[in-house]
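Structural features, examined
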Amino acid sequence: MFGFRFVKFQPSEYVMKVRSGKVVKEGLGLSFYYYAPATTAVVMPVSSTEAPFMFEEITRDFQSVTVQGQLTFRIADFRQTSRMLDYTYNLRKKTYLSDDPAKLGQRVIGLVKVLVKRHLERMPLRDAIQSGDRLAAAIREELGASPELAKLGIEAMGASILAVLPNKETMRALEAQAREEILRRADEAVYERRNASIEQERIVRENELSTEIAVEAKKKQIRESQLAAERLVQQKRNEMQQEQLQFDTAYEEERKTLLERSAGNRQSEADAKAYELTAVMNALGGADNQVLQSLTRAGMNPGQLIAIAFQDLAGQADKIGQLNITPDLLQGLLQGGEAKVAGRKER
């Protein structure tokens, strides 16, 4: 009504409200009333943009390769970008007035193409095919320091190389060459494995022979040790036998000396006893027989005395007319004598 309208933007859009050539309001996701004849708006996306690319380049050895990749970037300095590119927005139709926003990705990809061309021109084909990660890292580093992107107010967030592919004929040739190389390496691996197996068998055989030699040497050492031990044992036995013989000889000598001394002692004792008996016999030679018998009977027990008495009676049997000895009498004599003997023992 009367040229006044209301507009609302998304939070992912950075908006600058321009009136009379001056920015009067700016920010994310603005909403405001404006006077259509005198107000314009500059709208730029805040989110990142992904721009895929694919182009052909020539390597150092004049081989054509196709580079496929993707670039991620965003607008970092909105005022700088608005000065370099036309992001004027038609508030009524909600479209851009120029095609600069659509061409921004192409301009950034063009810069990436220049960098990729510069690197691939220094690489042979084989290195170029295998340089995806290195090439992407170099592009990211150079984009971060690129003055062109700084002038545009653009920040490169990431770059990746998906593939670096030669043409079909070159690919077949490389595949054939790689196949032959793989087969050659496989043959070499087979030969090396066989040689290694032969070498291992030789080493095993040498180890077995060395082990046998070591075992025989160890057996020899063990046998020598056993013989030395047996020799020492035999020497000890001989020494022990010699010591035993010396001990037995000394023992026999001492025993001989002892027997000689014992025999001399017994001879001396016998001579002393003989001298004593001779002296006694000489002393008793003139004594009466009755006295000798009395001396002999001294200390005899009653039983012995009764037996001697009966012996004397038997010697005088021709002079005795009649003698009655009853068993009671004999038992009484024997019991009486035994009682006297027992009494003397108790005393």
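Above: the structure in question.
A short tour of the structure in this document, coming up. (Residues numbered from 1 in each chain as written. Predicted model: local features only at pLDDT ≥ 70, side-chain atom pairs only at ≥ 80, totals over all residues. Heavy atoms only, no water.)

Focus: the pairing of strand β2 (residues 13-19)
- Across the 7 residues of β2, 5 count as buried, placing the element largely inside the fold.
- Taken together, the 7 bridges between β2 and strand β5 (residues 39-45) define a ladder with antiparallel strand orientation. Along β5, the bridge assignment pairs Tyr14 with Met44.
- If you look at the hairpin formed by β2 and strand β3 (residues 22-28), you'll find 2 residues sitting between the two strands, and Ser20 has a positive phi there, around 60°. (Buried < 20%, exposed > 50% of the residue type's maximum accessible area, 1.4 Å probe, protein only. Helix = DSSP H or I, 4+ residues; strand = E, 2+ residues; numbered from the N terminus. Pairing = 2+ DSSP bridges.)

As for the side chain of Lys17
- Along the chain, Lys17 falls in strand β2.
- The buried charged residue Lys17 lacks any salt bridge partner; its closest oppositely charged side chain belongs to Glu26, at an N-O distance of 13 Å.
- Setting aside anything within four residues of it in sequence, one finds Lys17 in contact with Lys22, Val23, Val24, Lys25, Phe32, Tyr33, Tyr34, Thr39 and Thr40. (Lys, Arg positive; Asp, Glu negative; His and termini not counted. Salt bridge = Lys/Arg side-chain N within 4 Å of Asp/Glu carboxyl O. Contact = heavy atoms within 4.5 Å.)

With respect to the packing of aromatic side chains
- Counting across every chain of the model gives 10 aromatic pairs.
- Their ring planes at 55° and their centres at 4.8 Å tell us that Phe6 and Tyr33 sit as a pair that is tilted. With a gap of 27 residues between them, Phe6 in strand β1 (residues 4-8) and Tyr33 in strand β4 (residues 31-35) connect regions that are remote in the sequence.
- Residue Tyr33 is classed as exposed on the basis of its relative accessible area, which comes to 60%.
- A centroid spacing of 6.2 Å and a plane angle of 35° characterise the contact between Phe9 and Phe32, whose relative ring orientation is tilted. Of the two residues, Phe9 sits in the loop between β1 and β2 while Phe32 sits in strand β4, which places them 23 residues apart along the sequence. For the residue pair Phe9 and Phe32, the accessibility class agrees, reading buried in each case.
- Each residue in the set Phe9, Phe32, Tyr34, Tyr87, Tyr89 and Tyr96 is aromatic and connected to the rest through ring pairs, giving one cluster. (Phe/Tyr/Trp six-rings, centres within 6.5 Å; stacked < 30°, edge-to-face > 60°.)

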